[in-house]
Amino acid sequence: MARQTMVSIFPEMKAFADHTPDLEAALTVRNLTKSFGAERVLDDVSFTVAEGESLVLLGHSGSGKSTTLRLIAGLEHPDGGEIFLHGRSVERLRARDRNVGVIFQNYALFPRMTVAENIGFGLRIRGVKSHKRAEITDRMLVLIGLAEHRDKYPWQISGGQQQRVAIARALAYEPDVLLFDESFSALDPQTRVGLRRDIRALLRRLRVPALFITHDQEEAMELGDHIAILNRGRLEQTGTPDQVYNEPKTEFVATFLGAANVVAAIAHTGAIELDPERLLPIRYNSVNPGPVKVVFRPEDVVLSTPASTPETPYPLGRGEIVDVSFTGASEAVMVRLTGKGELSSISEARSQFQTGSLQRSSARSGIVIKALRTKWDARHFGLHPGDAVSVGLRHFSVLVD
Amino acid sequence: MARKKDLQAVARRTDLARPIGVGVVVTAMLPLVILPLASIFIFGLSKGPVHFWEALVNPAALFSLKLSIMTSSVATACNVVFGIIAAYVLSKYEFPGDSSLTIIISLPTAIPTAVAGFALLLLWGRSGLLGQFLEHTDIQVMFTTSAIILANIFVTFPLAFGVIKPALDNLDTSYEDAAETIGATRWQTFRYVVLPSLRGAIITGALLTFARSIGEFGSTIMVSGNLAMKTQTAPLYIYTKFNEGDIEGANAIAAVLAIISFAIFSMIIVFRKRLGR
Ligand SMILES: Nc1ncnc2c1ncn2[C@@H]1O[C@H](COP(=O)(O)OP(=O)(O)O)[C@@H](O)[C@H]1O
Ligand SMILES: [Mg+2]
C-alpha cells in the first residue's frame with residue numbers, strides 16, 4: 001500500500017506533461033498565476049475536470065479558491081497560464097461569451113425578479129421566444145422541485161431553495177461547466193447534507209461537469225470525483241478522495257483531510273526507521289534515504305493484548321494507554337509507543353488531530369499516537385489508561401520534504 | 001407581579017426627562033413651524049371655501065401652478081437621468097479626478113440660489129459668456145421657460161445623484177457578476193439587473209428633486225423676468241400677489257404648494273421604508 005505513495009498515477013497529469021490540453025476534458029487550467037498588488041494569490045495552478053465529472057477545489061479561507069473560479073468564469077484576468085473549456089482556449093473570451101454557469105456564494109439571485117424570471121434570464125438574454133422560455137423554465141422548476149414557488153421573489157424562499165434556483169438559472173442555458181463557490185456553507189447543517197446529495201445526484205444524471213469550491217473536507221469527499229487541495233495559492237495534491245485521504249503527499253494534505261498521526265522518521269533503503277526497534281518495510285529504493293515523515297490515520301492503528309502481535313502488516317511494538325474517550329460510534333485512544341526507552345532516532349514526533357490539538361513529545365517520553373476503534377472493539381477488549389498494548393498499523397504513507 | 005408593577009410605576013415616576021423633552025420639542029416647533037403652516041390653511045378657509053376657490057381658478061394663478069409643475073418635471077427628468085449616469089460612472093470606474101468630480105457635482109446645493117441665478121444671467125444674458133453669440137439670433141434663453149428650467153436644474157443638480165450613488169455603491173457586485181456569466185451584455189446587465197435594484201433610490205431622488213424645484217424662488221426670480229402668464233412660477237405668483245396686496249390670491253397658491261409638498265414628503269417616507277427592505 002505504502003509503495004504507491006511515491007508514484008503519481010493521475011491521468012490528468014499527463015496532459016500537463018506533454019503541454020497539450022486534454023481535448024476530452026471539460027475544463028483544463030494550466031499554470032495559472034494571479035497576483036493582487038504584491039500578493040501572489042495563485043501560483044502555477046493546474047488541474048483538469050473531465051467530461052461529466054466533478055472536481056472539488058479544497059482549501060482554507062484566503063487560499064485563492066474564489067480567485068480561481070473568477071478567472072475561469074472570466075470575471076478576473078490571469079497574469080499567466082491558460083484556461084481551456086472543451087479544449088478551446090478562453091483567453092480572448094469575455095465572461096459573457098464563456099458559457100459557464102456560476103453558483104455564487106450568496107447565490108446572487110436577482111432580487112427584483114421572480115423565481116421563474118431568474119431561471120429564464122439566460123434564455124431571455126439569448127433571445128429565446130417567451131413560450132419556449134416558459135417551457136424550459138417550467139422543466140427546470142420541476143427538476144429542482146420548486147414548481148409551486150415559481151412566482152415568488154428570492155427573499156420569500158429559504159436559503160436551500162435559493163440555491164436550487166441558482167442552479168436552475170445556470171442549467172437553463174446549458175452551460176459547458178458549472179462552478180460552485182462555497183455554495184453550501186451558508187446553509188444549516190441538515191439542509192446542507194440533503195442538498196449536497198441531491199445536487200450530486202442531479203449532476204450525475206445530467207452529466208454536467210462541475211467545479212466545487214469549499215473549505216470543508218467532508219463536503220469535498222462527498223462531492224468530488226477528484227479533489228484538488230489548494231494551500232496559499234499552490235496546489236498541494238490532486239487525486240480521488242481515496243488517493244488524497246489514504247496517500248497524502250504532503251503533511252498539509254494529510255492533516256487537512258482528517259485526523260492524522262504524523263511521525264518523524266528516517267528512510268533507509270528498504271525500510272523506514274521510527275526508532276531502532278520500529279522498522280516499517282517499504283519497497284526497495286522507493287524513498288531516498290534521509291529524514292521523512294510517516295503518516296497514518298487513527299483508524300489504521302490496531303491495538304491488541306501485549307502478549308499477542310496484532311494481525312497487521314506493520315507491527316509497531318509495545319505501547320501504553322494514555323487516555324481513552326468514548327464518543328458513541330467509536331472510541332479514541334491515545335497510546336504512547338514504549339520500548340526500551342530508546343526512541344533516540346526520533347528528534348521530534350508530532351501528531352495533529354482534527355480537533356486542533358497538537359501533541360509534541362520528546363524522544364524520551366515516547367511518541368503519543370491516536371488510535372480509533374469501533375464500539376465493538378472497545379467492548380470486547382476494554383482499555384484503560386496505564387494498560388499495556390501491542391500496536392500495529394494497517395496502512396501508512398511516507399512524506400518526503 | 002405586584003412587585004413588578006410597583007417597580008415599573010417607580011421607574012415611570014422618576015423618568016421626568018421624557019415628558020419634559022417631548023414638551024420642549026413640541027413647544028419649540030409650535031411657533032417656528034407648525035403655526036405658520038397652519039395659518040395658511042386657517043386663513044385660506046376663513047372667508048369660506050368659495051372665496052378660496054375663486055382665488056385659485058384665477059387664470060394667472062393656474063398658469064403659474066402649471067408652469068411650476070412643468071419646469072420642475074423637466075428639471076427632475078434631466079437631473080435623474082444625469083444622476084443615474086454620473087452615479088454609474090463614478091461607482092464603476094476609477095479615473096484620475098473621480099473624487100473631485102463627486103465634490104463638484106455636489107457643489108450646486110451649497111451655492112445660494114440668488115448667486116446661482118446671477119451666474120446663469122452672466123452666462124446666458126445679452127452680453128454673457130455664451131449669451132453674446134445668441135445676440136443676433138432669434139434664440140433667447142434668459143427670461144423664458146428655458147431659463148426657469150436651467151435655474152431649477154442648477155439648484156437641484158446633485159439631489160438625485162446624492163441618493164442614487166450610495167444605493168449603487170451598496171449594491172452587491174455579485175448580481176452584476178452573475179448577469180455577466182449568464183451572458184448579459186453590459187447594457188442588459190444595467191437594464192435588467194442594476195436599474196430595477198435602484199428603483200427605490202431613483203424614485204426618492206426624483207421626488208426630492210421635484211419638491212425642491214417646485215418651491216424654487218431665489219434663482220427663478222432673477223432669470224425668469226417674472227412675467228405673469230409667461231414666466232411667472234407659483235412661488236413668484238405668491239410673492240407678486242402679496243406685494244400687490246392680494247393676500248387671498250397669494251394664499252390660495254401657497255396652500256396648494258404646501259399640499260403638494262406634504263404629498264411628496266409622504267411619498268418619500270413611504271419609499272424610504274420600502275428601500276430599507
Ligand atoms: N479583487 C481583489 N483585490 C485584492 N485582493 C484580492 C482580491 N480578490 C481576492 N484577493 C485576495 O486574494 C486572496 C485569495 O482570495 P480568495 O480567492 O477569495 O480566497 P478563498 O476564496 O480561497 O477564500 C485573499 O488574500 C484576498 O484578500
Ligand atoms: Mg472564497
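Residues numbered from 1 in each chain as written. Chains lettered and ligands numbered in written order. Predicted model: local features only at pLDDT ≥ 70, side-chain atom pairs only at ≥ 80, totals over all residues. Heavy atoms only, no water.

**Observations regarding the sheet that holds strand 5 (residues 88-89) of chain A**
Residue and element names in this part refer to chain A. Let me state the cut-off plainly: The criterion for strand pairing is that DSSP finds at least two bridges linking the strands in question. Strands here mean DSSP runs of E at least two residues long; helices mean DSSP runs of H or I at least four residues long; both are numbered from the N terminus.
Read across the open sheet, the 4 strands follow the order 2-1-4-5; overall the sheet is antiparallel. Since the sheet does not close on itself, it has two edges, and those belong to strand 2 (39-50) and strand 5, each with one partner. As judged from the 8 bridges shared by strand 1 (residues 25-36) and strand 2, these two strands associate in the antiparallel manner. Paired with serine 35 across the two strands is arginine 40, which belongs to strand 2.

**Some thoughts on helix 2 (residues 17-46) of chain B**
Structurally, the α-helix is built with 3.6 residues per turn, so residues lying three or four positions apart point the same way. Quick reminder of the rule: Bending is quantified residue by residue as the angle between axes fitted to the seven-residue window ending at that residue and the seven-residue window starting at it.
The largest bend in helix 2 of chain B amounts to roughly 60° and is located at leucine 30 of chain B, with the proline proline 31 of chain B lying one to four residues further along. Positioned one or two residues after helix 2 of chain B, glycine 48 of chain B has a phi angle of 95°, which is positive.

**Structural notes on the interface of chain B and chain A**
Cut-off, in case you're wondering: Should any heavy atoms of two residues lie within 4.5 Å, those residues are counted as being in contact. Here the quantity called buried area is the accessible surface, traced with a 1.4 Å probe, that two parts lose on coming together, added over both. In what follows, salt bridge is the name for a side-chain nitrogen of Lys or Arg lying within 4 Å of a carboxyl oxygen of Asp or Glu. A 3.5 Å cut-off defines polar contacts: any pair of N or O atoms within that distance qualifies, except that in protein one atom must be a possible hydrogen donor and the other a possible acceptor, and neighbouring residues in sequence count only when both atoms are side-chain atoms.
Across the contact, 19 residues belong to chain B and 22 residues belong to chain A. Roughly 1900 Å² of surface becomes buried between chain B and chain A when both sides are summed, with 63% attributable to carbon and sulfur atoms. The three residues of chain B that bury the most area against chain A are Thr181, Ile182 and Tyr192 of chain B, which together make up 35% of that side's buried surface. Taken together, the connections running from chain B to chain A amount to 1 salt bridge. Among the salt bridges present, the one from aspartate 177 of chain B reaches arginine 70 of chain A, with a minimum N-O distance of 3.0 Å. Remark: the boundary between chain B and chain A carries 5 residue pairs in polar contact (both at pLDDT 80 or more). The set of elements that each furnish at least two residues to the side of chain B that touches chain A consists of helix 9 (173-182) and helix 10 (186-197) of chain B.

**Focus on empty space enclosed by the protein**
All names here are of chain B. The condition is simple: Here a cavity denotes grid points, spaced 1 Å and computed from the protein atoms alone, that fit a 1.4 Å probe unable to get out, and a pocket denotes an open set having protein on both sides within 12 Å along at least 5 of 7 lines; residues with an atom within 4 Å of a point are the lining. Grid points are joined across faces, edges and corners, and a volume is the space filled by probe spheres set on the points. Note on residue classes: Ala, Val, Leu, Ile, Met, Phe, Trp, Tyr, Cys and Pro are nonpolar, Asp, Glu, Lys and Arg are charged, and everything else, Gly too, is polar.
Across all of its chains, the model carries 4 cavities of 30 Å³ or more by this definition. There is about 70 Å³ of room inside the largest cavity. Surrounding the largest cavity, Phe43, Gly44, Ser46, Lys47, His51, Phe52, Ala55, Glu248, Asn251 and Ala252 form its lining. Elements represented by at least two residues in the lining of the largest cavity include exactly helix 2, helix 3 (49-56) and helix 14 (247-275). Each residue belonging to the lining of the largest cavity can be placed in one class, and the counts come to 4 nonpolar, 4 polar and 2 charged.

**A word on the side chain of arginine 297 of chain A**
Residue and element names in this part refer to chain A. Here is the rule we go by: Buried means the residue's accessible area, taken with a 1.4 Å probe over protein chains only, is under 20% of the maximum for its type, while exposed means over 50%, and partly exposed covers the values in between. In this tally, Lys and Arg are treated as positive and Asp and Glu as negative; His is ignored, and so are the chain termini.
Looking at the element boundaries, arginine 297 is found in the loop between strand 14 (290-296) and strand 15 (301-304). Of the side chains bearing the opposite charge, glutamate 299 lies closest to the buried arginine 297, which forms no salt bridge; the N-O distance is 5.2 Å. A distance of 3.3 Å separates the side chain of arginine 297 from the backbone oxygen of glycine 258, its partner in a polar contact. Non-local contacts of arginine 297, meaning those with residues more than four positions away in its chain, are made with Val244, Tyr245, Pro248, Val253, Ala254, Leu257, Gly258, Ala259, Ala260 and Asn261.

**Considering the pairing of strand 10 (residues 234-239) of chain A**
Sheet analysis places strand 9 (residues 226-231) of chain A next to strand 10 of chain A, joined by 5 bridges and oriented antiparallel. Bridge assignment links isoleucine 227 of chain A to a residue of strand 10 of chain A, and that residue is glycine 239 of chain A.

**Looking at the site of ligand 1**
Residue and element names in this part refer to chain A. Where we set the bar: We call a residue near a given molecule or strand whenever any one of its heavy atoms falls within 4 Å of it. Residue exposure ignores everything except the shown protein chains as possible cover, and the areas themselves are Shrake-Rupley values with a 1.4 Å probe.
Near ligand 1 you find Phe36, Glu39, Val41, His60, Ser61, Gly62, Ser63, Gly64, Lys65, Ser66 and Thr67, and these make up its full shell. Between an oxygen atom of ligand 1 and a side-chain N or O atom of glutamate 39, the distance comes to 2.8 Å. Lysine 65 has a polar backbone atom sitting 2.9 Å from an oxygen atom of ligand 1. For ligand 1, the accessible surface in isolation is 560 Å², of which the surrounding protein chains cover 60%.

**Notes on the sheet that holds strand 6 (residues 100-103) of chain A**
All names here are of chain A. As a reminder, the rule being used: Helix axes use the C-alpha atoms of the stretch in contact, all axes being lines fitted to C-alpha atoms, and the angles between their N-to-C directions lie in the range 0 to 180 degrees.
Pairing within the open sheet is mixed, and its 6 strands lie in the order 6-7-8-3-9-10. Sheet topology places strand 6 and strand 10 at the edges, where each strand pairs with a single neighbour. On average, adjacent strands in this sheet sit at an angle of 15° to one another, irrespective of strand direction. Where helix 5 (residues 159-171) meets the sheet, it contacts strand 6 and strand 7 (177-181), and its direction lies at approximately 170° from that of strand 6.

**Considerations on helix 2 (residues 65-73) of chain A**
Where burial is concerned, most of helix 2 of chain A is hidden: 7 out of the 9 residues are buried. Positive backbone phi, approximately 90°, marks glycine 74 of chain A, located one or two places after helix 2 of chain A.

**Remarks on the layout of surface pockets**
Residues and elements named next belong to chain B. Roughly 540 Å³ of volume is contained in the second largest pocket. Forming the boundary of the second largest pocket are 19 residues, of which Tyr88, Glu176, Asp177, Glu180 and Arg186 lie nearest the centre. Secondary structure elements with two or more residues in the lining of the second largest pocket: helix 4 (59-92), helix 9 and helix 10. A per-class count over the lining of the second largest pocket returns 5 nonpolar, 5 polar and 9 charged.

**Let's talk about the pattern of salt bridges**
Applying the stated criterion to the full structure yields 25 salt bridges over all chains. A salt bridge links aspartate 151 of chain A to arginine 150 of chain A; the nearest nitrogen and oxygen atoms lie 3.6 Å apart. We note a salt bridge from lysine 47 of chain B to glutamate 248 of chain B, for which the minimum N-O separation is 2.7 Å. With lysine 47 of chain B in the loop between helix 2 and helix 3 and glutamate 248 of chain B in helix 14, this residue pair connects regions lying 201 residues apart in the sequence.

**Some thoughts on the packing of aromatic side chains**
As a reminder, the rule being used: Aromatic pairing here means that ring centres of Phe, Tyr or Trp (its six-membered ring) are within 6.5 Å. Orientation follows from the plane angle: under 30 degrees is stacked, over 60 is edge-to-face, and everything else is tilted. In this scheme, Lys NZ or Arg CZ marks a charge over a ring once it lies within 6 Å of the ring centre and within 35 degrees of the ring normal.
As enumerated under the stated definition, the model contains 11 aromatic pairs over all chains in all. Judged by centre distance (5.2 Å) and plane angle (80°), the rings of tyrosine 88 of chain B and phenylalanine 190 of chain B are edge-to-face. One end of the pair, tyrosine 88 of chain B, is in helix 4; the other, phenylalanine 190 of chain B, is in helix 10, and 102 residues separate them in sequence. Accessibility classification places tyrosine 88 of chain B together with phenylalanine 190 of chain B in one group, the buried group. Between phenylalanine 217 of chain B and tyrosine 239 of chain B, the ring centres sit 5.2 Å apart and the planes meet at 65°, which makes this aromatic pair edge-to-face. Note that phenylalanine 217 of chain B is positioned in the loop between helix 11 (199-214) and helix 12 (218-223) and tyrosine 239 of chain B in helix 13 (residues 234-243), a separation of 22 residues in sequence. Exposure remark for tyrosine 239 of chain B: the relative accessible area of 40% places this residue in the partly exposed category. Each residue in the set Tyr88, Tyr93, Trp187 and Phe190 of chain B is aromatic and connected to the rest through ring pairs, giving one cluster. Taking NZ or CZ as reference, arginine 124 of chain A lies 4.1 Å from the ring centre of tyrosine 192 of chain B, over its face.

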